[in-house]
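Residue-level listing of the chains:
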Amino acid sequence: MISLIIPCYNEEQTLPILYPELCRVAEEIAEHTFEFLFVNDGSRDGTLAILRDLAAKDERVKYLSFSRNFGKEAAMYAGFCNVRGDYAAVMDADMQDPPGLLKDMLAYLESGEYDSVATRRVTRKGEPPIRSLFARIFYKLMNRITDVDLVDGARDFRLMKREMCDALAAIGEYNRFSKGIFGWVGYRTYWYPYENVERAAGETKWSFWKLLKYSLDGIVSFSQVPLALASYSGLFFTFLSFVAICFIVVRKWIYGDPVAGWPSLACIVTFIGGIQLFCIGIMGQYLAKVYMEVKRRPHYIISETNKEDVRKIQ
Ligand code: UDP
Ligand code: MG
């Protein structure tokens, strides 16, 4: 059995396009049965009504409906915690992760050489150039300062064995950055390249700022380099100020002590003040993560589902 985990947030326009395509793919892969596990992430439109309808008509359709919008990460986590299939795939609802690729991906998995088949976009056609630029910088930076291996253009769309899903579900951290977690759990992964596809209908839920925040979260979740940076810059400035003190003392001996140089002093004070605030800010970012983590709040709350044995609060 193959479980497809599909996070949906305000996807009433795309579900009627996605569902027939899923049925077609299920027919194509006749040797496996399917479970379509939709996770309604607190949509404000008719998404839940559509899911109820589909579930009434088709017993492969299962849904988990959140009590509010918890974010895509929480929706994927809910999926990992509740899959039943021997294989599972995460897939967006907007057809940007073409269900048609599943057959090919399955072939790689069944060759026995891989435990998971992940996808990466080799083009970013139809994306604003500034977004592509930042994405590229982000992947470069991530690869340099963390030890998770991130491929440029990596999507969340991937088909994997159940055991990998269980591993993902076992990572209960609150600040989830799935792209990193996928890499962290390991397993033999094949990267399946494909051309970018534009959203079938509706609008993206990710603004530029939301993406920027998400990428910073990713860095804080998987790297301690920014913290190290704060202490290194502290060391550097201590050294620099020592040199400056020597310079000033020597100058006083040689030239006496004219009252001059207050502008440079003001510059130095503000500059170092800035650096200090910046470093405190970095520490604050980590502290905020620790704060959320120690509270141990649930990742999501399910208010409605047609699936049995579901933990509603996890
Ligand atoms: N999504 C979600 N919760 C959110 C935002 C998005 O479940 O808070 C889902 C959304 O329904 C879609 C997937 O995550 O299935 C990817 O979202 P979107 O297509 O808007 O992102 P993009 O492809 O533009 O990065
Ligand atoms: Mg999309």
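What comes next concerns the included structure. (Residues numbered from 1 in each chain as written. Chains lettered and ligands numbered in written order. Predicted model: local features only at pLDDT ≥ 70, side-chain atom pairs only at ≥ 80, totals over all residues. Heavy atoms only, no water.)

### Observations regarding the site of ligand 1
Around ligand 1, a shell composed of 17 residues is seen, among which Glu11, Asp41, Asp94, Gln96 and Thr204 lie nearest. Between ligand 1 and aspartate 41 there is a distance of 2.6 Å, counted from a nitrogen atom to a side-chain nitrogen or oxygen. Take asparagine 69: an N or O atom from its side chain is 3.1 Å from an oxygen atom of ligand 1. Contact with the protein chains covers 93% of the free accessible surface of ligand 1, which is 530 Å². The residue makeup of the shell around ligand 1, split by class, is five nonpolar, four polar and eight charged. (Near = heavy atom within 4 Å. Polar contact = N/O pair within 3.5 Å; in protein donor to acceptor, adjacent residues only side chain to side chain. Areas by Shrake-Rupley, 256 points an atom, 1.4 Å probe, with all protein chains shown as cover. Nonpolar A, V, L, I, M, F, W, Y, C, P; charged D, E, K, R; others polar.)

### Let's talk about the nonpolar core
Phe66, Phe80, Met160, Leu168 and Tyr300 are the most contacted members of the largest nonpolar core, which totals 38 residues. At the level of elements, strand E2 (34-40), strand E3 (61-66), helix H3 (72-82), strand E4 (87-90), helix H5 (129-145), helix H6 (162-170), helix H7 (178-185) and helix H8 (208-222) are the ones that each hand at least two residues to this core. When residues of this core are assigned to their parent elements, the largest contribution, six residues, is made by H3. What tyrosine 300 contacts, discounting residues up to four positions off in sequence, is Phe66, Phe70, Ala74, Tyr77, Ala78, Cys81, Asn82, Arg311, Lys312, Ile313 and Gln314. Formed by 36 residues, the second largest nonpolar core is a distinct cluster that contains Ile29, Phe36, Phe38 and Tyr63. (Core = buried A, V, L, I, M, F, W, Y, C linked by side-chain atoms within 4.5 Å. Buried < 20%, exposed > 50% of the residue type's maximum accessible area, 1.4 Å probe, protein only. Helix = DSSP H or I, 4+ residues; strand = E, 2+ residues; numbered from the N terminus. Contact = heavy atoms within 4.5 Å.)

### A short note on the packing of helix H9 (residues 225-255) against helix H10 (residues 262-295)
Orientation of H9 relative to H10, taken along the N-to-C sense of each, is 155 degrees, at an axis distance of 9 Å. Taken as axis vectors, H9 and H10 run roughly antiparallel relative to one another. H9 and H10 meet at a crossing whose hand is left-handed. Every residue of H10 that contacts H9 at Pro226, Leu227, Ala230, Ser233 and Phe237 is listed here: Phe271, Ile272, Ile275, Cys279, Ile282, Met283 and Tyr286. Partitioning the contact of H9 with H10 into residue classes produces 11 nonpolar, one polar and no charged. (Axes fitted to C-alpha atoms, helices over the stretch in contact; angles between N-to-C directions. Parallel < 35°, antiparallel > 145°, perpendicular 65-115°, else oblique. Left-handed = near helix turned anticlockwise from the far one by under 90°.)

Nothing here speaks to function; it is geometry throughout.
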